[in-house]
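An overview of the molecular structure
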Amino acid sequence: TFASPDPGYTTYPELLDIVDDVVADHPGLASQQVYGQSYEGRDLVAVKISDNVSVDEDQPEVLFVHSQHAREHLTVEMAVYLLDLLTDGYGNDPRITELVDNREIWILPNANPDGSEYDMAGTNWRNWRKNRQPNQGSSAVGTDMNRNWDHKWGCCGGSSGNPSSLTYRGAAPESSPEVAAIADFVRGRAVGGEQQITSAIDFHTYSELILWPFGYTYDEATEGMTQEEYDTHEALGTYMAQANGYTPQQSSDLYVTDGSINDWLWADQGIVNFTYEMYPRSWWGGGFYPPSSVIGRETSRNEEAVLRLLDYADCPYRIIGEEE
Ligand code: 0X9
Ligand code: CA
Ligand code: ZN
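Rules used throughout
Residues numbered from 1 in each chain as written. Chains lettered and ligands numbered in written order. Predicted model: local features only at pLDDT ≥ 70, side-chain atom pairs only at ≥ 80, totals over all residues. UniProt positions renumbered as here; feature names shortened; annotations may be inferred. Pairing = 2+ DSSP bridges. Helix = DSSP H or I, 4+ residues; strand = E, 2+ residues; numbered from the N terminus. Axes fitted to C-alpha atoms, helices over the stretch in contact; angles between N-to-C directions. Contact = placed C-beta atoms within 7 Å. Core = buried A, V, L, I, M, F, W, Y, C linked by C-beta atoms within 7 Å. Buried ≥ 20, exposed ≤ 12 C-beta atoms within 10 Å, placed from the backbone.

The name given to the protein in an unreviewed UniProt entry is Peptidase M14 domain-containing protein, with the source organism recorded as Nocardiopsis terrae. Quoted verbatim from the Cofactor (unreviewed entry) field of UniProt, the annotation for the protein is "Zn(2+)".

Bringing the sheet that holds strand E9 (residues 247-250) into the picture now. One open sheet accounts for eight strands, arranged E1-E2-E4-E3-E7-E10-E8-E9; its pairing is mixed. One side of each edge strand has no neighbouring strand; the edge strands of this open sheet are strand E1 (30-37) and E9. Going from strand to strand, the sheet's axes swing by 20 degrees on average, the running direction of each strand aside. The pairing of strand E2 (residues 43-49) with strand E4 (residues 104-108) spans three bridges and is classified as antiparallel. The residue of E4 that forms the bridge with Ile49 is Ile105. Of the strands in this sheet, E1 and E2 touch helix H1 (residues 12-25), which is tilted by about 145 degrees from E1. Lying on the sheet, helix H2 (residues 74-88) is in contact with E1, E2, strand E3 (61-66), E4, strand E7 (197-205) and strand E10 (272-278); it crosses E3 at an angle near 145 degrees.

In this section: unusual backbone geometry. Here the amide bond leading from Thr205 into Tyr206 is cis, since omega sits at -5 degrees, within 30 degrees of zero. Tracing the chain through its elements places Tyr206 in the loop between E7 and strand E8 (209-212). Each neighbour pair has its own omega, and for Tyr279 with Pro280 the value is -5 degrees, a cis peptide bond. Along the polypeptide, Pro280 turns up in the loop between E10 and helix H8 (295-300). Here Lys152, not a glycine, exhibits a phi torsion of approximately 50 degrees, which is positive.

The biggest cluster of nonpolar side chains holds 76 residues, and the ones touching the most others in it are Val62, Phe64, Val65, Leu82 and Ile107. A per-element tally of this core places H2 first, with nine residues.

Below is the structure:
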């Protein structure tokens, strides 16, 4: 469970330096903005990648969220990989060039920097999951950000009301400043009432899964999810999984969760979206702490799957032959 520090993983200050370098090396293609502050006051950073990056063009937008959960460090490496792939690939790889020309890509490379830094600060890494927000009336620290989203929050036994729980849902929906900042960022991508972000991936570890909403119910078609919409998630999730060898399934098939980002992005914002649970497949592969020697293999493994999502982002329903 606990692991020796592995300097092959990227700390938050190192990540901010990498983002600075990517933006400096690719003006016109990559820009960064601070979309909020963590509980402990760290800047929360979003990177945009597109042609004419300083202009808000009318192009389908795609969102990648990384590291809601502190100990899932491989997801930060996935963000670094995507930053490099989409900028260095531009002008070299025709497929990447076309996608970057015709999409606006948002990468939130670390949604929970307080948690990441806390996890990495120990003599051994601390197996920390939540953010670092204190809880009133309890000595237990932290909210599970992926139970704090404002759709059917706490509805269904898929989170805990106990601050000492690993899946503590927080005092109220969006009570985590990090969740509130991402939710505000996403709401801010609506132009003239229309959400520009069409599709998204929230990166986690581990189990090698591609998951789609809903998490709060085992139902496929239900209130807020037509059969066509469900089929779109299933078809696109399955198509991406054929590229990376992950197992595709509805997120509640793993276990029921309420207040997850998946459910909110779909139900509140109409964004077709997935959770990736990255390497390893099981605890035997290192659980949350695989050695940094796997980073190259396990991030590039997702190149084709991510490009497939970027491709379908103009109209995800295309994958089931629908126009909408
Ligand atoms: O429990 C989670 O938040 C995710 N698994 S993890 O081991 N990375 O903590 C799974 C979330 C899946 N999404 C939904 N069930 N909506
Ligand atoms: Ca553009
Ligand atoms: Zn996670």
